[in-house]
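Architecture and fold: a report
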Amino acid sequence: MIILSHFQAAELLQARSTERSTTSISLDLGLTVTEVTLTPDRLILPEAVITWLEIEEIAQHETACFLVEDNRVKQIRGFSEFTGRAYGLMPTASAPTMLISGLPMHRIKNTNPYQDTLAKIKAIAPLHGRVLDTCTGLGYTAIEAAKTAERVVTIELDPTAQEMARFNPWSRSLFDNPKIEQIIGDAFDEIQNFEDSTFSSIIHDPPMLSLAGDLYSGDFYVECCRVLRRGGKLFHYIGDPDSKSGARTTKGVVRRLQEAGFTRVVLQPQAFGVVAFK
Ligand SMILES: C[S@@+](CC[C@H](N)C(=O)[O-])C[C@H]1O[C@@H](n2cnc3c(N)ncnc32)[C@H](O)[C@@H]1O
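Okay, so let's go over this structure. (Residues numbered from 1 in each chain as written. Predicted model: local features only at pLDDT ≥ 70, side-chain atom pairs only at ≥ 80, totals over all residues. Heavy atoms only, no water.)

The final tally for this structure, using the stated rule, is four aromatic pairs. A ring pair is formed by Tyr114 and Trp170, whose centres lie 6.1 Å apart and whose planes are at 55°; its orientation type is tilted. Of this pair, Tyr114 sits in helix H3 (residues 113-124) while Trp170 is found in the loop between helix H5 (159-167) and helix H6 (172-176), placing the two residues 56 residues apart along the sequence. Centroid distance Tyr237 to Phe272: 6.5 Å. Interplanar angle 25°. Geometry classified as stacked. (Phe/Tyr/Trp six-rings, centres within 6.5 Å; stacked < 30°, edge-to-face > 60°. Helix = DSSP H or I, 4+ residues; strand = E, 2+ residues; numbered from the N terminus.)

Quick look at the structure:
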């Protein structure tokens, strides 16, 4: 699968301007580099040929990624009948983020989705045993958790989000790693199917409160506490603790986690969240 963004388009246009006949670019959003051939009117990729007009079109879109298939360039986007929301992949200089209704699902200001993921994992490390990842998204937290955990169960509400992950080279091991089990469903309902004390850690990385209120509710936190084993930890991403809404949400989350039975809740401002201990 060949995926391009404005970063590669800009490099290609630059190479064309210097009249080079070959150049090396990434066809998987920065993970690897491949040599491609430049002709006056076309770009020759492994198993595909596209026009400069198409490259110029890609260069104009800073918030979209493109699939090259059957010698055609198609913007990667989806519309979920289920949630009524539009989905897309937004490139960054590192891993892409997913846009839901235009909102990025990872931090991109002064950081990138990969560093954002590492900060979340570091806040709850070490991860061993069985881990529950409540909101799959592009699978970055599940993939990172699976590097040390025995098993990761990850839940995604919307099949369209999973579709976006399938196009994303950075999400590949979500589908390839046998340690990761994917469930399509509502985390609020799905969590009720697990036995008490099933998991040693939970990574809870929901969309913002206004998009997923249930996942910030006391009832959900009670279930999180129930499925965690004694001594287990939950990382809860909340949002910028220095913003007005982030500070207000954090206060409510901490109170409800304590009411749900977590014995200690520690602020993790560098990861824009909190860690709660059972
Ligand atoms: C912030 S993103 C998660 C990012 C993810 N941790 C990653 O590493 O890419 C939130 C995801 O939760 C999904 N979601 C929203 N409501 C949900 C629910 N009730 N149950 C499970 N997933 C949900 C959204 O579709 C979105 O993909």
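Here we take up the sheet that holds strand E11 (residues 103-104). Taking strand neighbours across the sheet as the criterion, the four strands line up as E8-E9-E10-E11 in an open arrangement whose pairing is antiparallel. In the strand order of this sheet, the two ends are held by strand E8 (77-79) and E11, each with one partner. Along the sheet face, H5 touches E8, strand E9 (86-90) and strand E10 (97-100) and points at about 20° away from the line of E9. (Pairing = 2+ DSSP bridges. Contact = heavy atoms within 4.5 Å. Axes fitted to C-alpha atoms, helices over the stretch in contact; angles between N-to-C directions.)

Moving on to the site of the ligand. The environment of the ligand is made up of 23 residues, and the closest members are His106, Thr141, Glu156, Asp186 and Asp205. Here a nitrogen atom of the ligand and a backbone polar atom of Leu157 are 3.2 Å apart. Ala187 places a polar main-chain atom, nitrogen or oxygen, 2.9 Å from a nitrogen atom of the ligand. When the ligand is considered free in solution it has 610 Å² of accessible area, and contact with the protein chains removes 96% of it. At the level of secondary structure, the elements contributing two or more residues to the shell around the ligand comprise E10, helix H4 (140-145) and strand E13 (151-156). (Near = heavy atom within 4 Å. Polar contact = N/O pair within 3.5 Å; in protein donor to acceptor, adjacent residues only side chain to side chain. Areas by Shrake-Rupley, 256 points an atom, 1.4 Å probe, with all protein chains shown as cover.)

The next thing to look at is unusual backbone geometry. Going from Ala125 to Pro126, the amide bond is cis rather than trans, its omega being 0°. Note that Pro126 resides in the loop between H3 and strand E12 (130-133). We note that Asp70 has phi near 50°; this positive angle belongs to a residue other than glycine. Position of Asp70 among the secondary structure elements: in the loop between strand E6 (66-69) and strand E7 (72-75). You can call Asp70 exposed: its relative accessible area is 68%. (Buried < 20%, exposed > 50% of the residue type's maximum accessible area, 1.4 Å probe, protein only.)

Inspection of every chain in the model, using the stated rule, returns nine salt bridges. Put simply, Lys120 and Asp116 hold a salt bridge, and the shortest N to O gap is 2.9 Å. With Lys120 and Asp116 both in helix H3, this residue pair falls four residues apart, about one helical turn. Residue Glu259 is joined to Arg255 by a salt bridge in which the shortest nitrogen-to-oxygen separation is 3.4 Å. Placement of the pair is Glu259 and Arg255 together in helix H9 (residues 244-259), with a separation of four residues, close to one helical turn. Given a relative accessible area of 45%, Arg255 falls into the partly exposed group. In the salt-bridge network here, residues are joined through shared partners; they are Asp116, Lys120 and Asp205. (Salt bridge = Lys/Arg side-chain N within 4 Å of Asp/Glu carboxyl O.)

What follows concerns the side chain of Ser200. Tracing the backbone shows Ser200 in strand E15 (residues 199-204). Overall, the relative accessible area of 9% leaves Ser200 in the buried class.

Further remarks concern the environment of Ala95. Position of Ala95 relative to the elements: it lies in the loop between E9 and E10. The buried category is assigned to Ala95, whose relative accessible area is 1%. Taking the C-alpha atoms as reference points, Ala95 and Asn168, separated by 73 residues in sequence, lie 8.9 Å from one another. Those residues in contact with Ala95 that sit more than four places away from it in its chain are Pro113, Tyr114, Tyr140 and Trp170.

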